[in-house]
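Structural overview
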Amino acid sequence: MSLKTQFLLDPNVIFLNHGSFGATPQPVFESYKHWQYRLEKQPVKFIGREIHSYLKNARQKLGEYLHIQPDDLVFIPNATFGVNILARSIKLKEGDEILTSDHEYGACENAWIFSCRKTGASLVRQPISLPITSFAQIVEQFWQGVTPRTKVIYISHITSPTALCMPVSEICKRARAAGIITIIDGAHAPGQMNIDLEDLGADFYVGNCHKWMLGAKGAGFLYASKEMQKIVEPLVVSWGWGDNSPYTTGSDFLDNLEWWGTKDPAAYLSIPAAIHFQEEHDWPSVRRECNQILRETLRRISELTGIPPIYPDANGYYYQMATAPLPAIDNLIEFKTQLYAQYQVEVPCLEWNEDPYIRISIQAYNSLEDINILLDALEQMLPNYQL
Ligand SMILES: Cc1ncc(COP(=O)(O)O)c(C=O)c1O
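What counts and how
Residues numbered from 1 in each chain as written. Predicted model: local features only at pLDDT ≥ 70, side-chain atom pairs only at ≥ 80, totals over all residues. Heavy atoms only, no water. Near = heavy atom within 4 Å. Polar contact = N/O pair within 3.5 Å; in protein donor to acceptor, adjacent residues only side chain to side chain. Areas by Shrake-Rupley, 256 points an atom, 1.4 Å probe, with all protein chains shown as cover. 1 Å grid on protein atoms, 1.4 Å probe; cavity = no way out; pocket = protein on both sides within 12 Å on 5 of 7 lines; lining within 4 Å. Sits in = over half its atoms within 2 Å of the grid points. Nonpolar A, V, L, I, M, F, W, Y, C, P; charged D, E, K, R; others polar. Disulfide = S-S within 2.5 Å. UniProt positions renumbered as here; feature names shortened; annotations may be inferred. Helix = DSSP H or I, 4+ residues; strand = E, 2+ residues; numbered from the N terminus. Domains from an automatic or database assignment. Contact = heavy atoms within 4.5 Å. Buried area = accessible area lost by both parts, 1.4 Å probe. Salt bridge = Lys/Arg side-chain N within 4 Å of Asp/Glu carboxyl O. Pairing = 2+ DSSP bridges. Axes fitted to C-alpha atoms, helices over the stretch in contact; angles between N-to-C directions. Points joined across faces, edges and corners; volume = space filled by probe spheres on them. Buried < 20%, exposed > 50% of the residue type's maximum accessible area, 1.4 Å probe, protein only. Parallel < 35°, antiparallel > 145°, perpendicular 65-115°, else oblique. Left-handed = near helix turned anticlockwise from the far one by under 90°.

1. Overview of the site of the ligand
Surrounding the ligand, one finds 13 residues, the nearest of these being Thr-80, Asp-185, His-188, His-210 and Lys-211. Between His-188 and the ligand, the recorded distance is 2.8 Å, taken from a side-chain N or O atom to an oxygen atom. Between Lys-211 and the ligand, the recorded distance is 2.7 Å, taken from a side-chain N or O atom to an oxygen atom. Expressed as a share of its isolated accessible area of 400 Å², the protein-covered part of the ligand is 90%. One can see that the ligand is located within the largest pocket. Here the residues of the shell around the ligand sort into four nonpolar, seven polar and two charged.

Following this line, the structure appears as C-alpha coordinates:
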(Lines give C-alpha, C1' and ligand atoms only; values in the text may rest on other atoms or scores of the structure.)
Protein backbone atom coordinates (compact mmCIF):
# COMPACT_ATOMS: atom_id res chain seq x y z
CA MET A 1 0.00 0.00 0.00
CA SER A 2 2.66 2.48 1.09
CA LEU A 3 2.31 5.77 -0.78
CA LYS A 4 5.18 7.20 1.22
CA THR A 5 6.99 8.70 -1.76
CA GLN A 6 3.89 10.75 -2.57
CA PHE A 7 4.17 12.64 0.71
CA LEU A 8 6.52 15.40 1.78
CA LEU A 9 7.21 13.88 5.19
CA ASP A 10 10.76 13.48 6.47
CA PRO A 11 11.63 9.83 5.63
CA ASN A 12 13.69 9.55 8.82
CA VAL A 13 10.67 10.10 11.05
CA ILE A 14 8.28 7.30 11.96
CA PHE A 15 5.20 9.47 11.56
CA LEU A 16 2.29 8.01 13.52
CA ASN A 17 0.48 11.27 14.19
CA HIS A 18 -1.53 12.10 11.13
CA GLY A 19 -4.35 12.98 13.51
CA SER A 20 -2.96 16.24 14.86
CA PHE A 21 -2.44 18.25 11.67
CA GLY A 22 -2.66 15.81 8.76
CA ALA A 23 0.00 15.58 6.04
CA THR A 24 -0.47 16.65 2.45
CA PRO A 25 0.64 14.64 -0.57
CA GLN A 26 2.84 16.30 -3.18
CA PRO A 27 0.17 16.66 -5.94
CA VAL A 28 -2.23 18.37 -3.51
CA PHE A 29 0.53 20.67 -2.31
CA GLU A 30 1.32 21.50 -5.95
CA SER A 31 -2.31 22.44 -6.52
CA TYR A 32 -2.21 24.62 -3.40
CA LYS A 33 0.89 26.44 -4.68
CA HIS A 34 -0.61 26.72 -8.16
CA TRP A 35 -3.58 28.66 -6.71
CA GLN A 36 -1.25 30.92 -4.77
CA TYR A 37 0.74 31.70 -7.93
CA ARG A 38 -2.42 32.44 -9.87
CA LEU A 39 -3.55 34.86 -7.20
CA GLU A 40 -0.22 36.67 -7.11
CA LYS A 41 -0.11 37.05 -10.88
CA GLN A 42 -3.14 39.32 -10.92
CA PRO A 43 -4.53 39.80 -7.39
CA VAL A 44 -7.31 42.18 -8.35
CA LYS A 45 -8.64 39.98 -11.12
CA PHE A 46 -8.34 36.88 -8.94
CA ILE A 47 -9.76 38.19 -5.67
CA GLY A 48 -11.94 40.95 -7.06
CA ARG A 49 -13.57 39.18 -9.98
CA GLU A 50 -12.89 35.46 -10.16
CA ILE A 51 -12.68 34.05 -6.65
CA HIS A 52 -16.39 33.39 -6.17
CA SER A 53 -16.65 31.07 -9.15
CA TYR A 54 -13.53 29.19 -7.99
CA LEU A 55 -14.96 28.81 -4.50
CA LYS A 56 -18.26 27.66 -5.95
CA ASN A 57 -16.51 24.95 -7.94
CA ALA A 58 -14.56 23.76 -4.86
CA ARG A 59 -17.78 23.74 -2.80
CA GLN A 60 -19.46 21.69 -5.50
CA LYS A 61 -16.73 19.01 -5.28
CA LEU A 62 -16.76 18.96 -1.49
CA GLY A 63 -20.56 18.84 -1.46
CA GLU A 64 -20.48 15.73 -3.67
CA TYR A 65 -17.88 14.16 -1.36
CA LEU A 66 -20.04 14.80 1.72
CA HIS A 67 -23.36 14.06 -0.02
CA ILE A 68 -24.89 17.47 0.50
CA GLN A 69 -25.88 20.38 -1.65
CA PRO A 70 -22.92 22.73 -2.09
CA ASP A 71 -24.86 25.76 -0.88
CA ASP A 72 -25.39 24.12 2.52
CA LEU A 73 -21.69 24.29 3.32
CA VAL A 74 -19.25 27.11 3.61
CA PHE A 75 -15.46 27.07 3.78
CA ILE A 76 -13.84 28.01 7.07
CA PRO A 77 -10.16 27.73 8.08
CA ASN A 78 -10.64 24.91 10.59
CA ALA A 79 -13.05 23.07 12.86
CA THR A 80 -12.28 25.33 15.85
CA PHE A 81 -13.40 28.32 13.80
CA GLY A 82 -16.66 26.55 12.97
CA VAL A 83 -17.44 25.69 16.59
CA ASN A 84 -16.76 29.32 17.50
CA ILE A 85 -19.22 30.55 14.86
CA LEU A 86 -21.90 28.30 16.31
CA ALA A 87 -21.14 28.93 19.98
CA ARG A 88 -21.61 32.67 19.30
CA SER A 89 -24.60 32.33 16.96
CA ILE A 90 -26.86 30.22 19.13
CA LYS A 91 -28.74 32.42 21.56
CA LEU A 92 -28.01 30.90 24.94
CA LYS A 93 -29.57 32.13 28.15
CA GLU A 94 -29.07 31.51 31.84
CA GLY A 95 -29.91 27.93 32.77
CA ASP A 96 -29.49 26.51 29.25
CA GLU A 97 -27.28 23.45 29.01
CA ILE A 98 -24.90 22.39 26.26
CA LEU A 99 -24.49 18.66 26.54
CA THR A 100 -21.18 17.17 25.48
CA SER A 101 -19.12 14.11 26.38
CA ASP A 102 -15.97 13.81 28.45
CA HIS A 103 -14.00 12.86 25.28
CA GLU A 104 -13.99 16.29 23.66
CA TYR A 105 -11.28 18.56 22.27
CA GLY A 106 -10.20 21.30 24.67
CA ALA A 107 -10.04 24.26 22.26
CA CYS A 108 -13.61 23.68 21.13
CA GLU A 109 -14.80 23.17 24.69
CA ASN A 110 -13.27 26.58 25.38
CA ALA A 111 -15.51 28.16 22.73
CA TRP A 112 -18.53 26.86 24.66
CA ILE A 113 -17.15 27.82 28.08
CA PHE A 114 -16.56 31.34 26.74
CA SER A 115 -20.19 31.62 25.59
CA CYS A 116 -21.44 30.06 28.83
CA ARG A 117 -19.59 32.66 30.91
CA LYS A 118 -21.22 35.44 28.94
CA THR A 119 -24.74 34.03 29.07
CA GLY A 120 -25.04 31.96 32.26
CA ALA A 121 -25.53 28.73 30.32
CA SER A 122 -23.51 25.68 31.34
CA LEU A 123 -21.45 23.00 29.61
CA VAL A 124 -22.34 19.50 30.83
CA ARG A 125 -19.65 16.86 30.21
CA GLN A 126 -21.41 13.52 30.26
CA PRO A 127 -19.05 10.62 31.04
CA ILE A 128 -18.77 7.82 28.48
CA SER A 129 -16.85 5.14 30.30
CA LEU A 130 -14.10 2.90 28.95
CA PRO A 131 -13.84 0.21 27.78
CA ILE A 132 -16.63 0.72 25.29
CA THR A 133 -18.94 -2.28 25.08
CA SER A 134 -21.36 -1.23 22.33
CA PHE A 135 -22.77 1.74 20.45
CA ALA A 136 -25.99 1.29 22.45
CA GLN A 137 -23.96 1.72 25.67
CA ILE A 138 -22.58 5.03 24.36
CA VAL A 139 -26.00 6.36 23.38
CA GLU A 140 -27.59 5.32 26.68
CA GLN A 141 -24.80 6.77 28.81
CA PHE A 142 -24.75 9.98 26.81
CA TRP A 143 -28.49 10.38 26.89
CA GLN A 144 -28.49 10.25 30.68
CA GLY A 145 -27.06 13.77 30.46
CA VAL A 146 -30.17 15.16 28.72
CA THR A 147 -32.42 17.32 30.89
CA PRO A 148 -35.32 19.66 30.09
CA ARG A 149 -32.67 22.43 29.97
CA THR A 150 -30.56 20.80 27.24
CA LYS A 151 -30.55 23.27 24.38
CA VAL A 152 -27.59 22.01 22.34
CA ILE A 153 -25.77 18.72 21.91
CA TYR A 154 -22.16 19.20 20.85
CA ILE A 155 -20.24 15.98 20.28
CA SER A 156 -17.32 14.74 18.19
CA HIS A 157 -17.88 12.33 15.35
CA ILE A 158 -14.44 10.84 16.07
CA THR A 159 -13.09 11.91 19.43
CA SER A 160 -9.65 13.42 19.88
CA PRO A 161 -8.16 11.68 22.97
CA THR A 162 -9.85 8.31 22.50
CA ALA A 163 -10.25 8.18 18.67
CA LEU A 164 -13.71 6.73 19.23
CA CYS A 165 -16.29 6.92 16.45
CA MET A 166 -19.47 8.06 18.15
CA PRO A 167 -22.92 6.86 17.03
CA VAL A 168 -23.82 10.41 16.04
CA SER A 169 -26.63 9.50 13.67
CA GLU A 170 -28.61 7.84 16.47
CA ILE A 171 -27.87 10.75 18.82
CA CYS A 172 -29.06 13.27 16.19
CA LYS A 173 -32.24 11.28 15.64
CA ARG A 174 -33.09 11.30 19.34
CA ALA A 175 -32.16 14.97 19.65
CA ARG A 176 -34.39 15.96 16.76
CA ALA A 177 -37.34 14.21 18.40
CA ALA A 178 -36.54 16.05 21.66
CA GLY A 179 -36.14 19.47 19.98
CA ILE A 180 -32.43 19.76 20.83
CA ILE A 181 -30.01 21.44 18.40
CA THR A 182 -27.19 19.11 17.27
CA ILE A 183 -23.64 20.16 16.41
CA ILE A 184 -21.25 17.44 15.31
CA ASP A 185 -17.52 18.11 15.43
CA GLY A 186 -16.15 16.19 12.47
CA ALA A 187 -12.56 17.40 12.70
CA HIS A 188 -11.29 13.82 12.23
CA ALA A 189 -14.05 12.08 10.31
CA PRO A 190 -14.03 13.17 6.62
CA GLY A 191 -11.38 11.12 4.89
CA GLN A 192 -11.21 8.39 7.53
CA MET A 193 -14.74 7.20 6.79
CA ASN A 194 -17.46 7.83 4.23
CA ILE A 195 -19.63 10.73 5.28
CA ASP A 196 -23.20 11.19 4.14
CA LEU A 197 -24.25 14.39 5.85
CA GLU A 198 -27.79 14.32 4.50
CA ASP A 199 -28.27 10.90 6.03
CA LEU A 200 -26.50 11.74 9.30
CA GLY A 201 -29.23 14.21 10.22
CA ALA A 202 -27.30 16.84 12.24
CA ASP A 203 -28.37 20.47 12.36
CA PHE A 204 -24.73 21.53 12.07
CA TYR A 205 -21.51 19.72 11.20
CA VAL A 206 -18.04 21.23 11.27
CA GLY A 207 -15.18 19.39 9.60
CA ASN A 208 -11.58 19.62 8.54
CA CYS A 209 -10.21 18.90 5.08
CA HIS A 210 -6.60 19.34 6.25
CA LYS A 211 -6.54 16.25 8.44
CA TRP A 212 -7.76 12.99 6.92
CA MET A 213 -8.90 14.39 3.58
CA LEU A 214 -5.24 15.28 2.88
CA GLY A 215 -5.97 18.92 2.08
CA ALA A 216 -3.56 21.79 2.62
CA LYS A 217 -3.56 23.45 6.06
CA GLY A 218 -6.36 25.90 6.71
CA ALA A 219 -9.20 24.09 4.95
CA GLY A 220 -12.35 23.27 6.86
CA PHE A 221 -16.08 23.54 6.36
CA LEU A 222 -19.28 24.31 8.20
CA TYR A 223 -22.48 22.57 7.15
CA ALA A 224 -25.85 23.87 8.29
CA SER A 225 -29.17 22.27 7.46
CA LYS A 226 -31.42 24.54 5.39
CA GLU A 227 -33.74 25.35 8.27
CA MET A 228 -30.87 26.25 10.62
CA GLN A 229 -28.86 28.43 8.24
CA LYS A 230 -30.83 31.52 9.20
CA ILE A 231 -29.57 31.49 12.78
CA VAL A 232 -25.87 31.47 11.83
CA GLU A 233 -24.16 34.82 12.31
CA PRO A 234 -20.79 35.90 10.90
CA LEU A 235 -17.92 35.69 13.38
CA VAL A 236 -16.26 38.51 11.46
CA VAL A 237 -18.58 41.05 9.85
CA SER A 238 -17.31 41.96 6.41
CA TRP A 239 -18.48 42.81 2.87
CA GLY A 240 -20.70 39.78 2.63
CA TRP A 241 -23.04 41.05 5.31
CA GLY A 242 -25.76 43.68 4.86
CA ASP A 243 -27.35 45.41 1.91
CA ASN A 244 -24.28 47.10 0.45
CA SER A 245 -22.50 43.89 -0.55
CA PRO A 246 -20.65 44.29 -3.88
CA TYR A 247 -21.28 40.62 -4.56
CA THR A 248 -23.96 38.17 -3.45
CA THR A 249 -24.46 34.46 -3.97
CA GLY A 250 -28.16 34.77 -3.14
CA SER A 251 -27.60 33.01 0.21
CA ASP A 252 -27.07 35.00 3.42
CA PHE A 253 -25.45 31.93 4.97
CA LEU A 254 -22.74 31.92 2.29
CA ASP A 255 -22.38 35.67 1.99
CA ASN A 256 -22.04 36.19 5.74
CA LEU A 257 -19.40 33.51 6.20
CA GLU A 258 -17.45 33.02 3.00
CA TRP A 259 -15.71 36.33 2.74
CA TRP A 260 -14.25 38.10 5.76
CA GLY A 261 -11.49 40.33 4.50
CA THR A 262 -8.43 39.55 2.41
CA LYS A 263 -7.03 36.08 2.94
CA ASP A 264 -5.35 33.23 1.07
CA PRO A 265 -8.03 30.89 -0.34
CA ALA A 266 -5.54 28.37 -1.81
CA ALA A 267 -6.22 25.70 0.83
CA TYR A 268 -9.95 25.76 -0.04
CA LEU A 269 -9.31 25.74 -3.77
CA SER A 270 -7.01 22.72 -3.58
CA ILE A 271 -9.66 20.55 -1.89
CA PRO A 272 -10.73 19.13 -5.30
CA ALA A 273 -7.11 18.00 -5.80
CA ALA A 274 -7.22 16.21 -2.42
CA ILE A 275 -10.45 14.45 -3.41
CA HIS A 276 -8.92 13.56 -6.78
CA PHE A 277 -5.82 12.11 -5.06
CA GLN A 278 -8.04 9.80 -3.01
CA GLU A 279 -9.96 8.71 -6.12
CA GLU A 280 -6.76 8.01 -8.03
CA HIS A 281 -5.39 5.83 -5.23
CA ASP A 282 -8.43 3.69 -4.45
CA TRP A 283 -8.99 5.23 -1.03
CA PRO A 284 -11.49 2.62 0.24
CA SER A 285 -8.69 0.02 -0.08
CA VAL A 286 -6.12 2.34 1.53
CA ARG A 287 -8.43 2.90 4.51
CA ARG A 288 -9.10 -0.81 4.86
CA GLU A 289 -5.39 -1.64 4.87
CA CYS A 290 -4.64 1.13 7.37
CA ASN A 291 -7.38 -0.19 9.62
CA GLN A 292 -5.92 -3.71 9.44
CA ILE A 293 -2.48 -2.43 10.43
CA LEU A 294 -4.06 -0.51 13.30
CA ARG A 295 -6.02 -3.55 14.48
CA GLU A 296 -2.79 -5.54 14.57
CA THR A 297 -1.03 -2.68 16.37
CA LEU A 298 -3.66 -2.58 19.11
CA ARG A 299 -3.41 -6.33 19.52
CA ARG A 300 0.37 -6.17 19.90
CA ILE A 301 0.30 -3.24 22.32
CA SER A 302 -2.30 -5.01 24.41
CA GLU A 303 -0.15 -8.17 24.43
CA LEU A 304 2.84 -6.09 25.55
CA THR A 305 1.07 -4.12 28.29
CA GLY A 306 -1.40 -6.77 29.39
CA ILE A 307 -4.18 -4.13 29.18
CA PRO A 308 -7.16 -4.88 26.91
CA PRO A 309 -8.13 -2.43 24.12
CA ILE A 310 -10.74 0.24 24.86
CA TYR A 311 -12.89 -0.77 21.86
CA PRO A 312 -14.97 -3.88 21.27
CA ASP A 313 -13.48 -6.33 18.76
CA ALA A 314 -15.79 -5.22 15.94
CA ASN A 315 -15.86 -2.83 13.01
CA GLY A 316 -16.83 0.82 13.18
CA TYR A 317 -15.45 1.92 16.58
CA TYR A 318 -12.24 3.30 15.08
CA TYR A 319 -10.92 3.74 11.56
CA GLN A 320 -7.37 4.99 10.87
CA MET A 321 -6.69 6.35 14.34
CA ALA A 322 -6.94 4.46 17.62
CA THR A 323 -5.96 4.94 21.23
CA ALA A 324 -4.39 2.24 23.40
CA PRO A 325 -4.12 2.34 27.19
CA LEU A 326 -0.62 2.39 28.67
CA PRO A 327 0.40 1.19 32.12
CA ALA A 328 0.90 3.88 34.78
CA ILE A 329 3.97 5.84 33.69
CA ASP A 330 6.37 8.06 35.56
CA ASN A 331 6.45 11.31 33.56
CA LEU A 332 4.45 10.78 30.37
CA ILE A 333 5.83 13.94 28.76
CA GLU A 334 9.39 12.71 29.16
CA PHE A 335 8.32 9.28 27.85
CA LYS A 336 6.93 10.86 24.68
CA THR A 337 9.97 13.10 24.27
CA GLN A 338 12.27 10.07 24.46
CA LEU A 339 10.19 8.12 21.94
CA TYR A 340 11.08 10.85 19.47
CA ALA A 341 14.62 11.54 20.62
CA GLN A 342 15.72 7.90 20.67
CA TYR A 343 13.52 6.24 18.04
CA GLN A 344 12.23 9.17 15.88
CA VAL A 345 8.70 7.99 16.56
CA GLU A 346 6.22 10.86 16.36
CA VAL A 347 3.18 9.70 18.26
CA PRO A 348 0.98 11.43 20.88
CA CYS A 349 1.06 10.12 24.44
CA LEU A 350 -1.72 11.71 26.42
CA GLU A 351 -3.60 11.65 29.66
CA TRP A 352 -7.34 11.21 29.59
CA ASN A 353 -9.30 11.13 32.84
CA GLU A 354 -5.92 10.82 34.58
CA ASP A 355 -4.92 7.61 32.79
CA PRO A 356 -2.10 7.39 30.19
CA TYR A 357 -2.78 6.49 26.56
CA ILE A 358 -0.99 6.41 23.24
CA ARG A 359 -2.89 7.49 20.10
CA ILE A 360 -1.74 5.93 16.85
CA SER A 361 -2.65 7.19 13.39
CA ILE A 362 -2.09 5.03 10.32
CA GLN A 363 -2.12 6.73 6.95
CA ALA A 364 -1.24 5.68 3.39
CA TYR A 365 2.46 6.40 3.99
CA ASN A 366 2.77 4.00 6.96
CA SER A 367 3.75 0.34 6.85
CA LEU A 368 4.10 -2.59 9.24
CA GLU A 369 7.76 -1.64 9.55
CA ASP A 370 6.72 1.59 11.32
CA ILE A 371 4.71 -0.45 13.77
CA ASN A 372 7.60 -2.83 14.40
CA ILE A 373 9.76 0.17 15.33
CA LEU A 374 7.05 1.55 17.63
CA LEU A 375 6.62 -1.81 19.33
CA ASP A 376 10.37 -2.27 19.78
CA ALA A 377 10.58 1.19 21.29
CA LEU A 378 7.69 0.53 23.67
CA GLU A 379 9.15 -2.82 24.67
CA GLN A 380 12.48 -1.23 25.54
CA MET A 381 11.18 1.91 27.17
CA LEU A 382 8.16 0.78 29.18
CA PRO A 383 10.13 -1.15 31.85
CA ASN A 384 12.14 2.04 32.56
CA TYR A 385 9.12 4.28 32.93
CA GLN A 386 6.45 2.00 34.35
CA LEU A 387 5.43 2.82 37.92
C1 LIG B 1 -12.34 16.61 17.87
C2 LIG B 1 -11.55 17.79 17.40
N3 LIG B 1 -12.20 18.94 17.16
C4 LIG B 1 -11.54 20.02 16.71
C5 LIG B 1 -10.19 19.99 16.49
C6 LIG B 1 -9.50 21.23 16.04
O7 LIG B 1 -9.07 21.15 14.72
P8 LIG B 1 -8.45 22.47 14.11
O9 LIG B 1 -7.24 22.81 14.90
O10 LIG B 1 -8.16 22.12 12.71
O11 LIG B 1 -9.49 23.53 14.26
C12 LIG B 1 -9.47 18.83 16.75
C13 LIG B 1 -8.02 18.78 16.52
O14 LIG B 1 -7.36 17.80 16.58
C15 LIG B 1 -10.17 17.71 17.22
O16 LIG B 1 -9.53 16.57 17.51
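And the narrative resumes.
2. As for the state of the cysteines
Under the definition given, this model contains zero disulfides. Free cysteine: Cys-172, not disulfide-bonded; nearest cysteine sulfur from Cys-165 at 12 Å.

3. Some details on the UniProt feature "domain: Aminotransferase class V" (unreviewed entry) in the protein
Look at the UniProt record and you will see "domain: Aminotransferase class V" (unreviewed entry) annotated at residues 24-374. For residues 24-374, the end-to-end C-alpha separation is 23 Å, with 43% helix and 16% strand making up the annotated structure.

4. What about the domain arrangement of the protein?
Each assigned domain of the protein is listed here: domain 1 (28-277) and domain 2 (282-385). Counting residues at the interface gives 26 residues for domain 1, matched by 22 residues for domain 2. Summing the contributions of domain 1 and of domain 2, the shared interface buries around 2,000 Å²; its carbon and sulfur component is 59%. For the interface between domain 1 and domain 2, the tally reads zero salt bridges. At the junction of domain 1 with domain 2, the criterion picks out 12 residue pairs in polar contact (both at pLDDT 80 or more). Among the residues making up the side of domain 1 that touches domain 2, the classes are represented as 15 nonpolar, 10 polar and one charged.

5. What about the sheet that holds strand E3 (residues 97-101)?
If you walk across this open sheet you meet the seven strands as E2-E8-E7-E6-E5-E3-E4, and the pairing is mixed. Sheet topology places strand E2 (73-76) and strand E4 (122-126) at the edges, where each strand pairs with a single neighbour. Neighbour-to-neighbour, the strand axes of the sheet open up by a mean angle of 20 degrees, direction not taken into account. Helix H5 (residues 106-119) contacts E3, E4, strand E5 (150-156) and strand E6 (181-186) of the sheet and is inclined by roughly 140 degrees relative to E4.

6. So, the environment of Thr-337
Positionally, Thr-337 belongs in helix H13 (residues 332-343). Distance from Thr-337 to Leu-55, taken between C-alpha atoms, is 41 Å for residues 282 residues apart in sequence. For Thr-337, the side chain forms a polar contact with the main-chain oxygen of Ile-333, separated by 2.7 Å.

7. A word on the side chain of Thr-100
Here Thr-100 shows up in strand E3. Setting aside anything within four residues of it in sequence, one finds Thr-100 in contact with Leu-123, Val-124, Arg-125, Gln-126, Phe-142 and Tyr-154.

8. Description of the layout of surface pockets
Each pocket or cavity is described by its volume, and for the largest pocket that value is around 500 Å³. Every residue lining the largest pocket is counted, 28 residues in all, and those nearest its centre are Ser-20, Tyr-105, Ser-160, His-188 and Lys-211. For the lining of the largest pocket, the secondary-structure elements that each account for two or more residues are helix H1 (18-21), helix H4 (79-89) and strand E11 (349-352). When we break the lining of the largest pocket down by domain, the ones giving at least three residues each are domain 1 (28-277) and domain 2 (282-385).

9. Remarks on H4
Most of H4 is tucked away, with nine of its 11 residues classed as buried. Looking only at H4, the buried set comprises Ala-79, Phe-81, Gly-82, Val-83, Asn-84, Ile-85, Leu-86, Ala-87 and Ser-89.

10. Quick notes on the packing of helix H3 (residues 43-66) against helix H11 (residues 271-280)
For the pair H3 and H11, the least separation of the axes is 8 Å and the interaxial angle reads 40 degrees. The angle between H3 and H11 places the two elements in the oblique class. At the point where H3 passes H11, the crossing takes the left-handed sense. Contacts from Ala-58, Lys-61, Leu-62 and Tyr-65 in H3 reach Ile-271, Pro-272, Ile-275 and Gln-278 in H11. Of the residues in the contact of H3 with H11, the class split is six nonpolar, one polar and one charged.

11. Focus: unusual backbone geometry
A cis geometry characterises the amide bond from Leu-130 onward to Pro-131, with omega recorded as 0 degrees. For Pro-131, the location among the structural elements is in the loop between E4 and helix H6 (135-143). The phi angle at Leu-214 is positive, at roughly 75 degrees, despite the residue not being glycine. Assignment of secondary structure puts Leu-214 in the loop between strand E7 (204-208) and strand E8 (220-224). Of note, Gln-344 is a non-glycine position whose phi angle comes to about 55 degrees, a positive value. With respect to the helices, strands and loops of the structure, Gln-344 is situated in the loop between H13 and strand E10 (345-346).

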